[in-house]
Amino acid sequence: MKRKTLSLIRIAVLILIIIDITFEAYMHQVKGGGPEGSPSIHALCPFGGLESLLSVFTAGQLLDKIYAGTMALFIISVVLAVVLRRSFCAWICPLGGLQELFGRAGRKIFNKSFKVPVSADRYLRYLKYLVLALVLILTWKTATLWFSPYDPWAAYGHLGEGLASVWTEFAIGFIILLVSFAGSFFYDRFFCKYMCPMGAFLGIVSKLSPFRIKRSEAICINCNLCTKVCPVNIDVARVETVKSAECINCQECTSVCPKDGALVNEFSIAKGRTVKPLVIGLVTLVIFFGGIGISKLTGSYALLPQPITEETVITDVDSLKGYMTIREISTAMGMALDEVYRRMEIPENISADTTMKDVSGMIDGFEFHTAREKLK
Ligand code: SF4
Ligand code: SF4
């Protein structure tokens, strides 16, 4: 299959995923993240599973805003990286997809793609591993989503709340998002290359994969096209095997190669058998969405909290959420309804079936996070 066609298929897949995730994130703002709501951007990102790992092993629970479905997405992404390296980044990741759209727009305007000088690029690539280490250490230490205010993806997911709200809650993440998009306009996949902790993690896992792209010195005509199209600037035309943790398995190089057999996909466990570029994309989608399907069938794809019932017991006020009604808080805390009204200073004319998010909108100066502290 020609490179242009394969590239279009991949971009079409990414656009569909971007639309779906953007819609989910917007509905999360509209309907809230309660049992009847829509998943938050945190719940939809597999990186939340990695952030929750320590908490799962030490306290037997996931971090706030992370659910069993997030963990399933994380496990599926790891399996995918073991089989097909970082193909998650090229075929699934919506943030990667958005950067690619900016990159394509930039190339159309300038008719060329820019490259960060090798001397700087070589060191900048390590930045994402530092980000990964920093995020994991501080997340695991604080047992909270420490990265959230700095996370460009969290900022993107909250754009539906309006710029003022994003600026208040995610100012740094929003700046990083703008820098990533502006950077990708000139340099392909700017955030992926230099800052993404999930990409760094998948790059490490990809070292376990038997998958590789192999170049045949005997057949190659040294046209350099493969190097030219690589979005992460791997010098494909000069290596025998693409082993780099930077490779996102986009298949741009293999599909652009004009010589049959010069650049092929293969698995070290099945030497001599090659796999077509389109098959790599299809297998990626089958593993990822098939994994989600299996997870749904086994009932482990929860991305929302459980409904509050008479059996629900909440002792930690930090676990009270904005989507909960006054009555649900009373039930979960085992506290009389009038006591909840009194302590949180909610006027009695507000219905007990009002969510805390709505209460905040009804009373000037009412801050849910401050008010819930009064229930301690
Ligand atoms: S080496 Fe090939 S598959 Fe890997 S990122 Fe570069 S173009 Fe994509
Ligand atoms: S595109 Fe194919 S023929 Fe051209 S340099 Fe790369 S591997 Fe060799």
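Conventions adopted
Every chain begins its residue count from 1, and numbering advances along the sequence as written. Written order decides the labels, with chains lettered from A and ligands numbered from 1. This being a predicted model, a pLDDT of at least 70 is required before a residue's local features are given, and a value of 80 or more before pairs of side-chain atoms are given or counted; all residues contribute to the totals for chains, interfaces and linings. Here the side-chain values reflect all heavy atoms present in the structure, with hydrogen atoms and water set aside. Two strands pair under a simple rule: DSSP has to find at least two bridges between them. Runs of H or I in DSSP of at least four residues are treated as helices and runs of E of at least two as strands, each being numbered from the N terminus. Between rings of Phe, Tyr and Trp, where Trp is taken as its six-membered ring, a pair exists when centres lie within 6.5 Å; planes separated by under 30 degrees are stacked, by over 60 edge-to-face, and by other angles tilted. When at least one non-hydrogen atom of a residue lies within 4 Å of a molecule or strand, that residue is treated as near it. All amino acids are sorted into three groups, where Ala, Val, Leu, Ile, Met, Phe, Trp, Tyr, Cys and Pro are nonpolar, Asp, Glu, Lys and Arg are charged, and the leftover types, Gly among them, are polar. Residue ranges assigned to the domains are those given by an automatic or database domain assignment. Angular values range over 0 to 180 degrees, each being the angle between N-to-C directions of two axes fitted as lines to C-alpha atoms, with helices fitted over their stretch in contact. Each angle is binned into one of four classes, with values under 35 degrees roughly parallel, values over 145 roughly antiparallel, values of 65 to 115 roughly perpendicular, and all other values oblique. Each crossing gets its handedness from the near helix: less than a right angle anticlockwise from the far helix is left-handed, clockwise is right-handed. Contacts were defined at the residue level, with two residues in contact if any of their heavy atoms lie within 4.5 Å. Any helix carries an expected span of 1.5 Å times its number of residues minus one. Each residue gets one of three labels from its accessible area relative to the maximum for its type: buried under 20%, exposed over 50%, partly exposed in between, using a 1.4 Å probe on protein chains only. Here, nonpolar core refers to any group of buried Ala, Val, Leu, Ile, Met, Phe, Trp, Tyr and Cys residues whose side-chain atoms link them within 4.5 Å. Two N or O atoms form a polar contact when they lie within 3.5 Å of each other; inside protein one atom must be a possible hydrogen donor and the other a possible acceptor, and for residues adjacent in sequence the pair counts only when both atoms belong to side chains. A carboxyl oxygen of Asp or Glu within 4 Å of a side-chain nitrogen of Lys or Arg is what we treat as a salt bridge. Without a salt bridge and with relative accessible area above 30%, a residue can belong to a patch; like charges are then joined within 9 Å and nonpolar side chains (Val, Leu, Ile, Met, Phe, Trp, Tyr) within 5 Å. With residues, only the protein chains shown are counted as cover, and all accessible areas are computed by Shrake-Rupley using a 1.4 Å probe.

Draft legend 1. Quick look at the sheet that holds strand S4 (residues 274-275). The strand order across the open sheet built from four strands is S2-S1-S3-S4, with neighbouring strands paired in antiparallel fashion. On the outer flanks of this sheet lie strand S2 (241-242) and S4, each paired with one strand and no other. Bridge analysis of strand S1 (residues 211-215) against strand S3 (residues 263-267) gives five bridges, and the strand direction is antiparallel. Counted as the bridge partner of Phe-211 is Phe-267 from S3.

Draft legend 2. Spotlight on the packing of aromatic side chains. Applying the stated rule across the entire model yields 16 aromatic pairs. Both rings, one in Phe-114 and one in Phe-186, keep their centres 5.7 Å apart while their planes meet at 70°; by these two values the pair is edge-to-face. Here Phe-114, found in the loop between helix H5 (94-110) and helix H6 (118-124), pairs with Phe-186, found in helix H9 (residues 163-186); they are 72 residues apart in sequence, far enough to count as distant.

Draft legend 3. Molecular detail of the site of ligand 1. By nearness alone, 14 residues border ligand 1, and Cys-230, Cys-247, Cys-250, Gln-251 and Cys-253 come closest of all. Of the residues that constitute the shell around ligand 1, the class distribution is 11 nonpolar, two polar and one charged.

Draft legend 4. Looking closely at the domain arrangement of the protein. The domain boundaries assigned to the protein delineate domain 1 (3-205), domain 2 (211-275) and domain 3 (317-375). Averaged C-alpha coordinates put domain 1 and domain 3 at centres separated by 33 Å.

Draft legend 5. Structural detail: the packing of helix H1 (residues 3-31) against helix H14 (residues 277-297). Where H1 meets H14, the closest approach of the two axes is 10 Å, and the angle between their N-to-C directions is 20°. By the angle class used here, H1 and H14 are roughly parallel. Between H1 and H14 the crossing geometry is left-handed. Contact with H1, carried on its side by Leu-6, Ile-9, Val-13 and Ile-17, involves Pro-277, Leu-278, Leu-285 and Phe-289 of H14 and no other residues of that element. Residues that form the contact of H1 with H14 fall into these classes: eight nonpolar, no polar and no charged.

Draft legend 6. Seen up close, helix H3 (residues 68-84). Under the 1.5 Å per step criterion, the end-to-end length of H3 is 24 Å for 17 residues, consistent within 8% with the ideal 24 Å. All of the buried residues along H3 are Gly-69, Thr-70, Met-71, Ala-72, Leu-73, Phe-74, Ile-76, Ser-77, Leu-80, Ala-81 and Leu-84. In this fold, the buried residues of H3 make contact with helix H2 (47-59), helix H4 (87-91), helix H11 (197-206), S1, S3 and H14. At the exit of H3 stands Arg-85, carrying a positive phi of roughly 55°.

Draft legend 7. Looking closely at the nonpolar core. Counting residues in each nonpolar core, the largest one holds 75 residues, and the members touching the most others are Val-236 and Phe-288. Considering each element in turn, this core owes the most residues, eight residues, to H3. Counting contributing residues, this core receives three or more from each of domain 1 (3-205) and domain 2 (211-275). Setting aside chain neighbours within four positions, we find Val-236 in contact with Arg-215, Cys-226, Thr-227, Cys-230, Val-242, Cys-253 and Leu-263.

Draft legend 8. Representation of the site of ligand 2. In the neighbourhood of ligand 2, the contacting residues comprise Arg-215, Cys-220, Ile-221, Asn-222, Cys-223, Asn-224, Cys-226, Ala-237, Cys-257, Pro-258 and Leu-263. Of the residues that constitute the shell around ligand 2, the class distribution is eight nonpolar, two polar and one charged.

Draft legend 9. Quick peek at the side chain of Arg-215. Assignment of secondary structure puts Arg-215 in strand S1. Of the residues examined, Arg-215 reaches a relative accessible area of 8% and is grouped as buried. A polar atom in the side chain of Arg-215 sits 3.5 Å from the backbone oxygen of Val-236. Here Arg-215 is in contact with Cys-220, Asn-222, Val-236, Ala-237, Arg-238, Val-239, Glu-240, Ala-262 and Leu-263, once residues within four sequence places are set aside.

Draft legend 10. Quick look at the pattern of salt bridges. Within this structure, the stated rule accounts for 19 salt bridges. The partner of Arg-104 in a salt bridge is Glu-100, with the nearest N and O atoms 3.4 Å apart. Taken together, the residues span about one helical turn, with Arg-104 and Glu-100 both in helix H5 at a distance of four residues. Classification of Glu-100 as buried rests on a relative accessible area of 8%.

Draft legend 11. Layout of a nonpolar patch on the surface. Together, Ile-15, Ile-19 and Leu-101 line one region of the surface with nonpolar side chains, adding up to about 230 Å² of accessible area. Note on placement: Ile-19 falls in helix H1. The exposure class assigned to Ile-19 is exposed, which follows from its relative accessible area of 52%.

Draft legend 12. Region of the structure containing H5. If you check H5, its first and last C-alpha atoms are 24 Å apart, about what 17 residues at 1.5 Å a residue would give, namely 24 Å. Inspection of H5 places Pro-94, Leu-95, Gly-96, Gly-97, Leu-98, Gln-99, Glu-100, Gly-103 and Gly-106 among the buried residues, and these make up the whole buried set. Directly beyond the C-terminal end of H5, a positive phi value near 60° is found at Asn-111.

Draft legend 13. Spatial organisation of the packing of H3 against H11. Running from N to C, H3 and H11 cross one another at 45°; their axes reach a closest spacing of 8 Å. Judged on the interaxial angle alone, H11 and H3 are oblique. When the axes of H3 and H11 are compared, the crossing they make is right-handed. Counted together, Phe-74, Ser-77, Val-78, Ala-81 and Val-82 of H3 and Met-198, Phe-201, Leu-202, Val-205 and Ser-206 of H11 form the full contact between these two elements.

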